[in-house]
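# Report on the structure
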Amino acid sequence: MIDYILYSALTIFIYMTLLFIISMVKKDNSIADIGWGMGFIVVAFLTLFFEPGFEIRHVLVTGLVLIWGLRLAIHILIRNKGKSEDYRYAKWRKEWGKYFVIRSFLQVFMLQGLIMLIISYQVILVNSSKKPGIQMLDVLGLLVWLFGFLFETVGDFQLSKFKKDKENKGKIMNSGLWRYTRHPNYFGEATMWWGIFLMALSVPMGWTAIISPSLITLMLLRVSGVTMLEKKYKGNKEFEEYAKRTSAFIPWFPKKNIKP
């Protein structure tokens, strides 16, 4: 198990360093977002083939990470095509000044690499386990993962379709899944990782993997997800009204008769 973690950490370090070099050449740190999902795929396959022979659970979990990572990377690549650097990174580029290069390496790429390793821990744990067969928790985890994947995919599709309509420019998306949660894509992503955690519970020491979904949920709620994105809409009256009646994360029926 320790070998799996050490080799995964080294692989992530090399991978994120390569992404950093590409970002410096392109002068665009948004490459970190595209490479995020792909990094998990690299770790999943590394640990899958670390030793000869693997169980069906290994293949299943690795396959789920592959599907999630590819979809996310392609979605962000299409979304960013032809656009300038993401506003978050552009803001840091100005604020960090002459320290931009070193702070980008440490605070963007290496920090993301560390987070990637911690979230990947549950995948590493599963792929390093020799416990054969499929348990009820594996089936339950798969169903939870499928629900989360569907929620994230549909949410992203609905938002993309909404933004393509020129009549919606400057408006707030508040229909479809976005009627029940302000961030269906974030909720779906967190749900997928909790699904994999349930599958990790089928292997020895699986309970220790709770750090993985807990961290990604915290990140999405309080750090790089909901909190950071909604700062962008501070002072937007339409969004403030939408926020009053709509759940921030967990889907729920919108509140009625909200007074301004």
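Provided above is the structure to which this section pertains.
As the structure is a computational prediction, the values presented were derived from the model and not from experiment.

Cut-offs applied
- Residues numbered from 1 in each chain as written.
- Predicted model: local features only at pLDDT ≥ 70, side-chain atom pairs only at ≥ 80, totals over all residues.
- Heavy atoms only, no water.
- Core = buried A, V, L, I, M, F, W, Y, C linked by side-chain atoms within 4.5 Å.
- Buried < 20%, exposed > 50% of the residue type's maximum accessible area, 1.4 Å probe, protein only.
- Helix = DSSP H or I, 4+ residues; strand = E, 2+ residues; numbered from the N terminus.
- Contact = heavy atoms within 4.5 Å.
- Salt bridge = Lys/Arg side-chain N within 4 Å of Asp/Glu carboxyl O.
- Patch = residues over 30% accessible without salt bridge, like charges linked within 9 Å, V, L, I, M, F, W, Y side chains within 5 Å.
- Areas by Shrake-Rupley, 256 points an atom, 1.4 Å probe, with all protein chains shown as cover.
- Bend = angle between axes of the 7 residues up to and from the residue.
- Polar contact = N/O pair within 3.5 Å; in protein donor to acceptor, adjacent residues only side chain to side chain.
- Axes fitted to C-alpha atoms, helices over the stretch in contact; angles between N-to-C directions.
- Left-handed = near helix turned anticlockwise from the far one by under 90°.
- Nonpolar A, V, L, I, M, F, W, Y, C, P; charged D, E, K, R; others polar.
- Phe/Tyr/Trp six-rings, centres within 6.5 Å; stacked < 30°, edge-to-face > 60°.

This part covers the nonpolar core. Judged by nonpolar contacts, the single largest core of 57 residues is most densely connected at Met16, Trp36, Phe40, Trp68, Phe109, Ile119 and Trp193. Those elements giving two or more residues to this core turn out to be helix H1 (2-26), helix H2 (31-48), helix H3 (56-80), helix H4 (87-96), helix H5 (100-128), helix H6 (136-164), helix H7 (184-200) and helix H8 (211-223). In terms of residue count, H5 provides more of this core than any other element does, 14 residues in total. Not counting chain neighbours up to four residues away, the residues in contact with Phe40 comprise Val65, Trp68, Met116, Ile119, Ser120 and Trp193. Counting 7 residues, the second-largest nonpolar core is a separate cluster that includes Ile172, Trp178, Phe239 and Tyr242.

Attention shifts here to the pattern of salt bridges. In this structure the tally under the stated criterion is 10 salt bridges. A salt bridge links Lys130 to Glu51, with the shortest nitrogen-to-oxygen separation between them at 3.0 Å. Of this pair, Lys130 sits in the loop between H5 and H6 while Glu51 sits in the loop between H2 and H3, and the two are 79 residues apart along the sequence. For the salt bridge of Glu85 with Arg93, the shortest nitrogen-to-oxygen distance reads 2.9 Å. The class of Glu85 is buried, set by a relative accessible area of 13%. Look at Arg93 and you get partly exposed, because its relative accessible area is 27%. Salt bridges here are not isolated pairs; linked through shared partners, they connect Asp33, Asp86 and Arg88.

Here the focus is a nonpolar patch on the surface. A surface patch of nonpolar side chains, about 590 Å² in accessible area, is lined by Leu10, Phe13, Ile14, Leu18, Ile21 and Val25. For Leu10, the position within the fold is in helix H1.

A separate point is H5. Of all the bends in H5, the largest measures some 45° and sits at Tyr121. Of all 29 residues making up H5, 21 are buried, and the element is well covered by its neighbours.

On to the side chain of Glu85. Relative to the assigned elements, Glu85 resides in the loop between H3 and H4. Here the side chain of Glu85 touches Arg93 through a polar contact of 2.9 Å, side chain to side chain. Ignoring any residue separated from it by four or fewer positions in sequence, one finds Glu85 in contact with Lys27, Asp28, Asn29, Ser30, Ala90 and Arg93.

To continue, consider the packing of H5 against H7. As a packed pair, H5 and H7 sit with axes 9 Å apart at the nearest point and diverge in direction by 30°. The handedness of the crossing between H5 and H7 comes out as left-handed. Together, Ile119, Gln122, Val123 and Val126 of H5 and Trp193, Ile196, Phe197 and Ala200 of H7 make up the contact between the two elements. Classifying every residue of the contact of H5 with H7 by side-chain character gives 7 nonpolar, 1 polar and no charged.

Here we come to the packing of aromatic side chains. This model, assessed by the stated rule, comprises 23 aromatic pairs. A centroid spacing of 5.2 Å and a plane angle of 75° characterise the contact between Phe151 and Phe187, whose relative ring orientation is edge-to-face. Here Phe187 lies in helix H7 and Phe151 lies in helix H6, a separation of 36 residues in the sequence. Grouping aromatic residues by their ring pairs yields a cluster made of Trp36, Phe40, Trp68 and Trp193.

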